[in-house]
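Topology and contacts: notes
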Amino acid sequence: DAMVIQNPRYQVTQFGKPVTLSCSQTLNHNVMYWYQQKSSQAPKLLFHYYDKDFNNEADTPDNFQSRRPNTSFCFLDIRSPGLGDAAMYLCATRDGYAGTDTQYFGPGTRLTVL
Amino acid sequence: DQQVKQNSPSLSVQEGRISILNCDYTNSMFDYFLWYKKYPAEGPTFLISISSIKDKNEDGRFTVFLNKSAKHLSLHIVPSQPGDSAVYFCAASARYGGSQGNLIFGKGTKLSVKP
């Protein structure tokens, strides 16, 4: 089945220790997104890639960076995690050529910062 | 400022009855609306969508109604089943309004369907 995969599902890191979250997709979608979701909050868009074009939301902290080495993979790097960065991180994809705004999400990575 | 609002954090319904989840929006440029369902420790799953050129879209037990003049949409689940218990997110985009296909989400409504 075509899908969006996120690894790891659970990540524990220490305050200030860099961490990388990964996302891969078999949907061959050209658009990929990273969201941060905290408890009882709406998913908050951090970045998105339209093909290779990188788009950074204005209020995404500099501490967060992203890489997309190819169509299938996308990474979220948190350079110096703080306690406030503990959250669920969601990756999503969309077929930008299909004329629909429907996004398909992975299962998420739950990040804990100690 | 929240552009998509789900004012009920939670809803409890008896199995077999109708569940009605509501969503309001403020941006008149929104022209595409979606509902997602999310179980704990999982990502949101796409449920149903509606374009602003329609006022109703149905898929099995799920129907979404759109009232553009009131900037309001609702999701009806009939009949409700215990497996429907989840958090439901409303989302909107301004496809022709320069949003680049990005979705704006509400905070979600937690639905509990009791046997």
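See the structure printed just above.
About the thresholds
- Residues numbered from 1 in each chain as written.
- Chains lettered and ligands numbered in written order.
- Predicted model: local features only at pLDDT ≥ 70, side-chain atom pairs only at ≥ 80, totals over all residues.
- Heavy atoms only, no water.
- Helix = DSSP H or I, 4+ residues; strand = E, 2+ residues; numbered from the N terminus.
- Buried < 20%, exposed > 50% of the residue type's maximum accessible area, 1.4 Å probe, protein only.
- Contact = heavy atoms within 4.5 Å.
- Areas by Shrake-Rupley, 256 points an atom, 1.4 Å probe, with all protein chains shown as cover.
- Lys, Arg positive; Asp, Glu negative; His and termini not counted.
- Charge placed at Lys NZ, Arg CZ, Asp CG, Glu CD.
- Salt bridge = Lys/Arg side-chain N within 4 Å of Asp/Glu carboxyl O.
- Pairing = 2+ DSSP bridges.
- Buried area = accessible area lost by both parts, 1.4 Å probe.
- Polar contact = N/O pair within 3.5 Å; in protein donor to acceptor, adjacent residues only side chain to side chain.

Our focus in this paragraph is the overall build of chain B. Broken down by element type, chain B carries zero helices and eleven strands. Across chain B, helices and strands are ordered from the amino to the carboxyl terminus as β-β-β-β-β-β-β-β-β-β-β. Judged by the C-alpha coordinates and their principal axes, chain B covers about 45 × 30 × 20 Å. When each of the 115 residues of chain B is scored for burial, the buried share is 45%. In chain B, 55% of the contacts between residues at least 6 apart in sequence involve partners at least 24 apart. For chain B, the exposed surface amounts to about 5500 Å²; the carbon and sulfur share of it is 49%. Between the mean site of the 13 positive side-chain charges and the mean site of the 9 negative ones, chain B shows a separation of 3 Å.

This paragraph deals with the pattern of salt bridges. Between side chains of opposite charge, a pair can form when the charged atoms approach closely. One pass over the full model with this rule turns up six salt bridges over all chains. Sharing partners across several salt bridges, the network here consists of Lys 37, Arg 61 and Asp 84 of chain B.

The subject of this paragraph is the pairing of strand β8 (residues 73-78) of chain A. Note on strand geometry: in a regular strand, side chains alternate between the two faces of the sheet. All names here are of chain A. The buried fraction of β8 is high, at five of six residues. Relative to β8, strand β3 (residues 19-25) is paired through six bridges, and the arrangement is antiparallel. Bridge assignment links Val 19 to a residue of β8, and that residue is Ile 78. Of the strand pairs in this sheet, strand β7 (residues 64-67) and β8 are connected by four bridges, and their pairing is antiparallel. From the neighbouring strand, Phe 64 faces β8, where its bridge partner is Ile 78.

By a widely used convention, the size of an interface equals the accessible area lost when the partners come together. With 19 residues of chain B at the contact, the number on the chain A side is 24 residues. Regarding the contact of chain B and chain A, the summed buried area is about 1700 Å², with carbon and sulfur atoms giving 52% of it. Taken together, chain B and chain A are joined by zero salt bridges. Viewed at the interface, chain A and chain B are joined by six residue pairs in polar contact (both at pLDDT 80 or more). Residue assignment for the side of chain B that touches chain A shows that the elements contributing at least two residues are β4 (32-38) and β9 (86-93) of chain B. No other element matches β4 of chain B, which puts four residues into the side of chain B that touches chain A.

Nothing here speaks to function; it is geometry throughout.
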